[in-house]
Amino acid sequence: MTRALILGGTADASLLAAEIARAGIGAVYSYGGRTRAPADQPLPTRIGGFGGVSGLADYIRRESITHVIDATHPFAAEMSRNAVEACAETGAPLIALERAPWTRAPGDNWIETRDVNAAVAALPDVPTNVFVAIGRQHIAPFASKPQHTYTLRFVDPPEAPLPFAADVIVSRGPFTLPSELEMLRTRGIAWIVARNSGGDGARAKIDAARMLGLPVVMISRPQLPERPRVESVAEIMQWLGHSTRLGA
């Protein structure tokens, strides 16, 4: 009997959970625990870490997991690496549901960097208005350039004082192009820092930057171990041996 473990937290993972529930497949949806008010899912849900590779392997064995689907954020590198190792240890098949990264379009002014520290270094020394949309866990390095006026956007309000002065927007995507254009214009944003997450939910800021001629410091995805990966829910359902009924 199939019993899948969805390592989730993304919009794609929620679409997958809905389709798996419609198909009547046994599954558990796992949230990493960083979002304080995670969206409800139509599947049994757990919240929190597993305790590294060994903890995840123990969970797979204890819960008789037959398939593991890594549908985490493309930058959740530690969880993805743990999944590769735990599945190799237990023999559970693993597949990643991973949206394609964004690619440059004509008119894009991207400065591609390997990580957050490099993104901070790419910002100008002259004070300017910077919009940072990379998640609250990764903003500390920007304190090394306090001359800038920062606008940060988080899903949840920060629980602790920020390491530098900033204006915080608390909002959950998806975001629209008109709203992103208005936000960038009214705040006088001159630079954007973003991670190459891919997908449609967060792309509007990239399209808005192109329309306004703004530079985007684009953080590249982390390198991950080789594993099977697909870009659609339908392909995951085929992997599980079920037809898809998206939109039913």
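In case you missed it, the structure is sitting above this.
Residues numbered from 1 in each chain as written. Predicted model: local features only at pLDDT ≥ 70, side-chain atom pairs only at ≥ 80, totals over all residues. Heavy atoms only, no water.

## Structural notes on the overall build of the protein chain
The secondary structure content of the protein chain amounts to 7 helices and 12 strands. Relative to a compact globule of 248 residues, whose C-alpha radius of gyration would be 18 Å, the protein chain shows 19 Å and is just as compact. A principal-axis box enclosing the C-alpha atoms of the protein chain has dimensions of 60 × 35 × 30 Å. Residues counted as buried form 45% of the 248 residues belonging to the protein chain. Intrachain contacts of the protein chain at a sequence separation of at least 6 include 66% that bridge at least 24 residues. About 11,700 Å² of surface is accessible on the protein chain, with carbon and sulfur atoms providing 52% of the total. In the protein chain, the 25 positive side-chain charges and the 24 negative ones have mean positions that sit 2 Å from each other. (Helix = DSSP H or I, 4+ residues; strand = E, 2+ residues; numbered from the N terminus. Rg over C-alpha atoms; globule rule 2.2 N^0.38 Å. Buried < 20%, exposed > 50% of the residue type's maximum accessible area, 1.4 Å probe, protein only. Contact = heavy atoms within 4.5 Å. Areas by Shrake-Rupley, 256 points an atom, 1.4 Å probe, with all protein chains shown as cover. Lys, Arg positive; Asp, Glu negative; His and termini not counted. Charge placed at Lys NZ, Arg CZ, Asp CG, Glu CD.)

## Quick look at the environment of proline 106
Checked against the element boundaries, proline 106 lands in the loop between β5 (94-97) and β6 (110-113). Between the C-alpha atom of proline 106 and that of serine 220, which follows or precedes it by 114 residues, the distance is 19 Å.

## A short note on the pattern of salt bridges
Overall, the coordinates contain 20 salt bridges when judged by the stated rule. Between arginine 61 and aspartate 58 there is a salt bridge whose closest N-O contact spans 3.5 Å. Remark: aspartate 58 and arginine 61 occur in helix α2 (residues 52-62); sequence separation between them is 3 residues, near one turn of the helix. For aspartate 207, the salt bridge is made with arginine 210, and the minimal N-O distance between the two is 3.1 Å. Of this pair, aspartate 207 and arginine 210 both sit in helix α6 (residues 204-212), separated by 3 residues, roughly a single helical turn. (Salt bridge = Lys/Arg side-chain N within 4 Å of Asp/Glu carboxyl O.)

## Examining the sheet that holds β6
Strand pairing in a sheet relies on backbone hydrogen bonds, with the paired strands running either antiparallel or parallel. On the basis of which strands lie adjacent, the open sheet formed by 6 strands has the order β6-β11-β10-β7-β8-β9 and parallel pairing. Two strands lie at the open edges of the sheet, namely β6 and β9 (166-170), each paired on one side alone. Each strand of the sheet is rotated relative to its neighbour by a mean of 20°, with strand direction disregarded. Docked against the sheet, α6 engages β6, β7 (129-133), β8 (149-154), β10 (191-195) and β11 (216-219), running at close to 150° with respect to β10. (Pairing = 2+ DSSP bridges. Axes fitted to C-alpha atoms, helices over the stretch in contact; angles between N-to-C directions.)

## Some remarks on the sheet that holds strand β4 (residues 67-70)
The 6 strands are arranged β3-β2-β1-β4-β5-β12 in an open sheet whose pairing can be described as parallel. Where the open sheet ends on each side, the last strands, each with one partner, are β3 (45-47) and β12 (229-230). With 3 bridges connecting them, β4 and β5 associate as parallel partners. Note on β5: the bridge partner recorded for aspartate 70 is alanine 96.

## Topic: the pairing of β7
In terms of residue burial, β7 counts as a mostly covered element, since 4 of its 5 residues are buried. Here β7 runs beside β8; their pairing, made up of 4 bridges, is parallel. Pairing of asparagine 129 across the sheet is with threonine 149, part of β8. The sheet contact formed by β7 and β10 spans 4 bridges and is parallel. Bridging from a neighbouring strand, valine 130 pairs with tryptophan 191 of β10.

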